[in-house]
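Descriptive structure summary
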Number of protein chains: 2
Amino acid sequence: MTTPKRQRLSPAQRRAQLVDLGVAALADHSLEDVSVEHVAEQAGVTRALVFHYFTSKQEFHAAILDKVAQEVLEATTPDPALAPLDTLRATLGTFIDYVGRNPHVYVSLVRGESSSVPALRQSVERTRGALVGRILDLFGQLGFEGGPLLEFTVRGWLAFTEEVATRWLLDPQGVGRDHILELLAGSLPGVVLAPQLAAPDTVAQLFPEVAGLADPPPPG
Amino acid sequence: MTTPKRQRLSPAQRRAQLVDLGVAALADHSLEDVSVEHVAEQAGVTRALVFHYFTSKQEFHAAILDKVAQEVLEATTPDPALAPLDTLRATLGTFIDYVGRNPHVYVSLVRGESSSVPALRQSVERTRGALVGRILDLFGQLGFEGGPLLEFTVRGWLAFTEEVATRWLLDPQGVGRDHILELLAGSLPGVVLAPQLAAPDTVAQLFPEVAGLADPPPPG
């Protein structure tokens, strides 16, 4: 290689470069294993310079996480020309394909180091907050009455989605992408309509094939 | 007090006593804060004796957690005389009332120390596995075809339930117990029916009040 390893960059460019190299390292490392030394070497700078931009390894990891979250949020920006359910399906499809490119990154974000390191947990929580805000806006546009119950519901749905996505990514057990997509897309109306579905008659009337849900067991 | 502090107990009784005292301490301590010293003092034994039964504080905490989980599972045993949806509602009601008696215990189990200590995480995972197994059995009795997709769905629903319950317990925001109960009870059929609900026409036909979900936005 004749390219000079160390380039002249402004502080903002240098910081962005280090974060981008960290994000790239996620392709074959968990977030916990992205090392400051490795990134410094790739950027052709000293370890000390990295710590000039980030006061700790955790802070560096949090910046990587923020960048990934920003990419996910950009990649899943709703298309205002679509119907809400189509928007949801399109967004979830992008999301699944994005996290599916590197399942371990997503799993480590949702379940890993992030849960015990405050800076990382905050980054994950900010992303969740942004996603929940988006969905509540969508319901608002549909004339849904918002409020705490709807927010509990949407927060719960996000936990549902994370649980299903992480389990499926780690071990799909033969379930195809499109089945997961239908499950995630239909589960949002499913949980929002939960209070209606909780009435036994509703399920029995709407879905006779599962009417047994509301029937007492046969005697004996 | 004239009661002798230290009673003669068999090893099994002593172990059970220590665990019970640990469970009782959860009434005003988070699991992280249940101290071996406090429990030893209450039992009238030495700290060293506690460590004779549990090799570490974490192992003691895991035993406390297992006992709580066992109590929750017993308290929520399904009544075979009820219809499945009624069973679900009754079980969830018991669950909400149980965790509601001491919200911080439940929250610390689901989100706290348990997530970073292997023995505790395993205890929580065993409980989740038992609950998921119960629900899958219920669907099996209804003639539902089981399989990986249903298991992903039920696992996701458990995450939904934990998320909604912990948020609501920490800050109910004026939402009453019965509204949460209907949300949790209806969300299980809601997510199991998700693939059907993902079809825009289904939601539009079944719930005209939310038909907007499937409509494109007005032009302009």
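Residues numbered from 1 in each chain as written. Chains lettered and ligands numbered in written order. Predicted model: local features only at pLDDT ≥ 70, side-chain atom pairs only at ≥ 80, totals over all residues. Heavy atoms only, no water.

**Remarks on the overall build of chain A**
Across its full length, chain A holds eleven helices and zero strands. The buried share among the 220 residues of chain A stands at 47%. Of the contacts formed within chain A by residues at least 6 apart in sequence, a portion of 66% connects residues at least 24 apart. In the form shown here, chain A has an accessible surface area of approximately 10600 Å², with 55% of it arising from carbon and sulfur atoms. (Helix = DSSP H or I, 4+ residues; strand = E, 2+ residues; numbered from the N terminus. Buried < 20%, exposed > 50% of the residue type's maximum accessible area, 1.4 Å probe, protein only. Contact = heavy atoms within 4.5 Å. Areas by Shrake-Rupley, 256 points an atom, 1.4 Å probe, with all protein chains shown as cover.)

**A closer look at the packing of helix α7 (residues 118-141) of chain B against helix α8 (residues 148-170) of chain B**
Residues and elements named next belong to chain B. In the contact formed by α7 and α8, the axes pass within 10 Å of each other and the chain directions differ by 125 degrees. Judged on the interaxial angle alone, α8 and α7 are oblique. In this structure, α7 meets α8 at a crossing whose hand is right-handed. Contact with α7, carried on its side by Glu125, Arg128, Gly129, Leu131, Val132, Ile135, Leu136 and Phe139, involves Leu150, Glu151, Val154, Arg155, Trp157, Leu158 and Glu162 of α8 and no other residues of that element. Taken together, the residues of the contact of α7 with α8 sort by class into nine nonpolar, one polar and five charged. (Axes fitted to C-alpha atoms, helices over the stretch in contact; angles between N-to-C directions. Parallel < 35°, antiparallel > 145°, perpendicular 65-115°, else oblique. Left-handed = near helix turned anticlockwise from the far one by under 90°. Nonpolar A, V, L, I, M, F, W, Y, C, P; charged D, E, K, R; others polar.)

**Notes on the packing of helix α9 (residues 177-192) of chain A against helix α9 (residues 177-192) of chain B**
Interaxial distance between α9(A) and α9(B) falls to 8 Å at its minimum, and their mutual angle equals 150 degrees. The angle between α9(A) and α9(B) places the two elements in the roughly antiparallel class. You can see that α9(A) and α9(B) cross each other, and the crossing is right-handed. Contacts between α9(A) and α9(B) pair Leu183(A), Ser187(A), Gly190(A) and Val191(A) from the former with Leu183(B), Ser187(B), Gly190(B) and Val191(B) from the latter. Residue classes in the contact of α9(A) with α9(B) are distributed as four nonpolar, four polar and no charged.

**Things to note about the confidence of the model for chain A**
Averaged over every residue, the pLDDT of chain A is 85; the share at 70 or more is 86%. Across the assembled chains, the prediction reports ipTM 0.85 with pTM 0.85. (pLDDT = per-residue confidence, 0-100.)

**Some remarks on α8(B)**
An ideal rise of 1.5 Å per residue puts 33 Å on 23 residues; α8(B) measures up with 33 Å between its terminal C-alpha atoms. The buried fraction of α8(B) amounts to 18 of the 23 residues, a majority that puts the element mostly inside the structure. (Expected span 1.5 Å × (residues − 1).)

**Description of the side chain of Glu163(B)**
Looking at the secondary structure, you find Glu163(B) in helix α8. Contacts of Glu163(B), omitting those with residues within four sequence positions, involve Arg155(A), Gly156(A), Ala159(A) and Arg111(B).

**Looking at the pattern of salt bridges**
Considering all chains together, one arrives at 24 salt bridges over all chains under this definition. Salt-bridge contacts for Asp86(B) lead to Arg89(B); the nearest nitrogen and oxygen are separated by 3.6 Å. With Asp86(B) and Arg89(B) both in helix α5 (residues 84-101) and three residues apart, this pair spans about one turn of that helix. Accessibility expressed as a relative area gives 31% for Asp86(B), which makes it partly exposed. With a shortest N-O distance of 2.7 Å, Arg128(B) and Glu125(B) are connected by a salt bridge. In this pair, Arg128(B) and Glu125(B) both sit in helix α7, three residues apart, roughly one turn of the helix. Taking relative accessible area as the criterion, Arg128(B) reaches 18% and is therefore assigned buried. It is possible to trace a salt-bridge network through shared partners that takes in Glu125(A), Arg128(A), Arg155(A), Glu162(A), Glu163(B) and Arg167(B). (Salt bridge = Lys/Arg side-chain N within 4 Å of Asp/Glu carboxyl O.)

**Section: the environment of Thr87(B)**
Within the secondary structure, Thr87(B) sits in helix α5. Taking the C-alpha atoms as reference, Thr87(B) lies 20 Å from Val164(B); in sequence the two are 77 residues apart.

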